[in-house]
Amino acid sequence: MGEQARAETRSSTWWRRRRVLAVGTSRWWTRRLLSAFLGAAGLFVIAVVIALVLNLTLMGTQPQYAWDERLMRRSGLLGADVLVLWTLLLLAWAAIGRWWWTTGVVLALVPLILTAALRKLDERQEPLYPADLAFLSEPGFLFSMVPPVLAVLVLLLVVVIVAAVGGGGEWLTGRRGRPRTRGRELVTVVVVRALVLVVTGLMVLQLGRFNQDGNAWRALYEERGAQWRPWSQQENYLSNSVVGGFLYNMPTAAMERPAGYSEAGMEELAARWQTAADGLNVDRTGSFEDTNVVVVLSESFSDPTALEGLDIPEDPIPLTRETMAGTTSGTMLATGIGGGTANAEFEVLTGEHLGLFAPQMVVPYQMLVPNFATYPSLVGTLRTEGHRAVAVHPYLAGMYKRPSVYDTFGFDAFVTEDDMRFTDRTEENPYIDDTAAFDEVLAQIEDSDAPLVTNLVTMQNHAQYGNKYDDVPQVGTADGISLGPSFTLALGDYVRGISDTDAALRDFLNALEESDEDTVVLFYGDHLPGFYGEGFRGLNGDIAMHSTPFFAWSNRGNVPLDAGVSSSALLMPYLYDVADAPLPPYLALLRTFHERVGSVFHGQIVTPDGDVVAEEDLDDEQQRLLQDLRLVQYDVAVGERYVTDEIWPGSTGQRG
């Protein structure tokens, strides 16, 4: 063969190879594009299914609403939910790189989310919030809220779904192991995945900024008919879809800037309330000097005999009732049902109202206080006056970011179940009982050379209820109301628990009366238990279902005073009353607001007599008091703290 023939042969072979390579590349791209399209389409279908499951499940918990009506009203919002979920699924696919394993993990998350959402709705009548993700760091607490059998079943279901969908899907489709992609094809795959990851990641980042001005996701929901309902988160989720309601609670500014907020305006406000405080303090001759202060948040402590529809033959809290009759006492409006402990604690220690914050500020302990080096509180004030500050919580340390919050408030020590000297539990109750908790406080007082301010958050009456005690009282429901044996079991357990608390509280106060140290106590229940159903809420009304007892007491003598209906944010002045201590201007504002206006509660005003008044129906003086309260709270939580030191001296723990 001549040189020319060999050259023609080489050329022909080269072109054949190029054609084969081109055909192979074309087929590779075709397969890849088809696979990507089918994968994205499959994830879209999964997003539709998840959106429907989440929304139909929530509507199923609210039988008073028609499913077809809700679905028709939210059809456009469901489309927005699907788009959000699809974006998250695409991000997960790009990150994991394996379609079947991505699908398995995503589908396994659904029963976990549904279990958590339904348990929270049942126990606390609240949907899941973004802030609840913080509880993932406390698995022990999460499992304590779910019956063990249910927890095991859900975890088994998760494992089965991941294995069946992820492993089974790859086995059935012959996609076991990583695809053998090399060279330019591998580079192409990596680049495309990186682009999808970046684009979807940026879109997800915007989900976290849902409440910022101009956010495209929020605009999408509002264009599709979202009408936000800040006065009721449950209604918010029902009306604006589960995903929309969840996104509405993404972080935002704690409060909107009130009209008239300025340094000059705040200086004038502080001077005005200093004058008011001087007038209220004319006859006050006491102080907190050498006086111990004990603030007791009694977990789930309430008065079940005050509710219609229950049959409780014997008073479970006679000693508490006797104490209340002989000192300053009243009814506190709890922020929630079955939960909200940290919010009640926050309001009591700061005097700030959750109802004046933006509706997305659902847990200030998690979302607000840790952002500051110091935060004004009763703790700071008393530390400035020479007290040592100790927090006692007979449970896990990390709940609601308490270590960070207590450090910001200025506590000198945080005593948890790991540090307590007294850790007795009653019968089968898994929580440290209140007798042990009170004994720990007494020991802390005895050990401290300086006067002590103690914030005790108890645990004995925490959910779950049922089978905690062997001996429970005979309780039930009134004629015509039947909720079954599980309700009766929970109610009996609860009544027995608060009866034990009642006895432990009386022993605690008796021990303080015998002490040679002066001590004042503020005692309150943080909320009702969560096992009451919708029937009880309808029978008793919103106010009764959020009412718990409170009292302020001194071991050096008390004067009976009915404080009426108050809120946890307005209790602090009563400590000053029983100590006969002069009120700082801020507490003078709180006292005056309660007497002349009432309490801020769920977007309404509740008077000391228990009447509900709309904000727009307040007179000019009441409107001004509410505005002053709003201005001071904004100055502390969002603004420049122009007058913090003037209106509440020492509240940040900094000596002047």
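The present account deals with the structure reproduced in this document.

Rules used throughout
- Residues numbered from 1 in each chain as written.
- Predicted model: local features only at pLDDT ≥ 70, side-chain atom pairs only at ≥ 80, totals over all residues.
- Heavy atoms only, no water.
- Helix = DSSP H or I, 4+ residues; strand = E, 2+ residues; numbered from the N terminus.
- Buried < 20%, exposed > 50% of the residue type's maximum accessible area, 1.4 Å probe, protein only.
- Areas by Shrake-Rupley, 256 points an atom, 1.4 Å probe, with all protein chains shown as cover.
- Patch = residues over 30% accessible without salt bridge, like charges linked within 9 Å, V, L, I, M, F, W, Y side chains within 5 Å.
- Salt bridge = Lys/Arg side-chain N within 4 Å of Asp/Glu carboxyl O.
- Pairing = 2+ DSSP bridges.
- Axes fitted to C-alpha atoms, helices over the stretch in contact; angles between N-to-C directions.
- Contact = heavy atoms within 4.5 Å.
- Parallel < 35°, antiparallel > 145°, perpendicular 65-115°, else oblique.
- Nonpolar A, V, L, I, M, F, W, Y, C, P; charged D, E, K, R; others polar.
- Arc of directions from axis to C-beta.

1. Remarks on the overall build of the chain
Helix and strand content of the chain: 23 helices and 13 strands. Counting all 656 residues of the chain, 51% fall into the buried class. When the accessible surface of the chain is totalled, it reaches about 29500 Å², and 57% of it is carbon and sulfur.

2. What about a nonpolar patch on the surface?
A surface patch of nonpolar side chains, about 530 Å² in accessible area, is lined by Ile-96, Trp-101, Val-105, Leu-109, Leu-112, Ile-113 and Leu-155. Among the elements that make up the nonpolar patch, the one with the highest residue count is helix α4 (residues 99-124) (five residues). Within the secondary structure, Ile-113 sits in helix α4.

3. Focus on the sheet that holds strand β10 (residues 561-567)
Judged by pairing direction, the sheet is mixed, and its eight strands sit side by side in the order β5-β4-β6-β1-β8-β9-β3-β10 without closing on themselves. Both outer strands of the open sheet, β5 (413-416) and β10, are each paired with one neighbouring strand and no more. Here the average twist between neighbouring strands, direction ignored, is 15°. Sheet topology note: the strand β3 (residues 328-333)/strand β9 (residues 547-554) ladder contains six bridges and is antiparallel. Residue pairing in the sheet places Thr-328 in a bridge with Ala-552 of β9. Lying on the sheet, helix α20 (residues 572-579) is in contact with β1 (291-298), β3, β8 (518-525), β9 and β10; it crosses β9 at an angle near 30°.

4. Brief notes about the packing of helix α11 (residues 263-280) against helix α21 (residues 585-596)
Where α11 contacts α21, the two axes come as close as 8 Å, and the packing angle between them is 75°. With respect to α21, the axis of α11 lies roughly perpendicular. Contacts between α11 and α21 involve Trp-273, Gln-274, Ala-277 and Leu-280 from the first element and Pro-585, Ala-588, Leu-589 and Thr-592 from the second. Of the residues in the contact of α11 with α21, the class split is six nonpolar, two polar and no charged.

5. Some points on the sheet that holds strand β13 (residues 612-613)
The strand order β11-β12-β13 describes an open sheet built from three strands, whose pairing is antiparallel. Looking at the sheet topology across the chains shown, the edges are occupied by β11 (599-601) and β13. The pairing of strand β12 (residues 604-606) with β13 spans two bridges and is classified as antiparallel. By the bridge assignment, Val-606 is partnered in β13 with Val-612.

6. What about helix α19 (residues 534-544)?
Taken residue by residue, α19 has Phe-536, Arg-537 and Asn-540 as its buried positions. Each buried residue of α19 sits inside an arc of 125° when the element is viewed along its axis, so together they form one side. As for α19, its buried residues are in contact with β2 (310-311), β7 (476-477) and α18 (485-514).

7. Describing helix α16 (residues 402-409)
Residues of α16 that are buried include every one of Arg-402, Val-405, Tyr-406, Thr-408 and Phe-409, and no others. For α16, the angular spread of buried residues about the axis comes to 160°, placing them on one side. Residue Gly-410 follows α16 closely and has a positive phi angle near 105°.

8. Concerning the packing of α20 against α21
Between α20 and α21, the shortest axis-to-axis distance is 9 Å and the interhelical angle comes to 105°. Regarding the angle of α20 to α21, the classification is roughly perpendicular. Contacts between α20 and α21 involve Met-572, Pro-573, Tyr-574, Tyr-576 and Asp-577 on the former and, on the latter, Leu-587, Leu-590, Arg-591 and His-594. Its residues assigned to classes, the contact of α20 with α21 comprises six nonpolar, one polar and two charged.

9. Structural notes on the environment of Val-520
Structurally, Val-520 can be placed in strand β8. For Val-520, a relative accessible area of 2% puts it in the buried group. Once the C-alpha coordinates of Val-520 and Trp-553 are considered, the two residues, 33 residues apart in sequence, prove to be 5.6 Å apart. Filtering out sequence-adjacent residues up to four positions away, Val-520 remains in contact with Phe-288, Thr-291, Asn-292, Val-293, Val-294, Trp-553, Ser-554, Leu-575, Val-578 and Ala-579.

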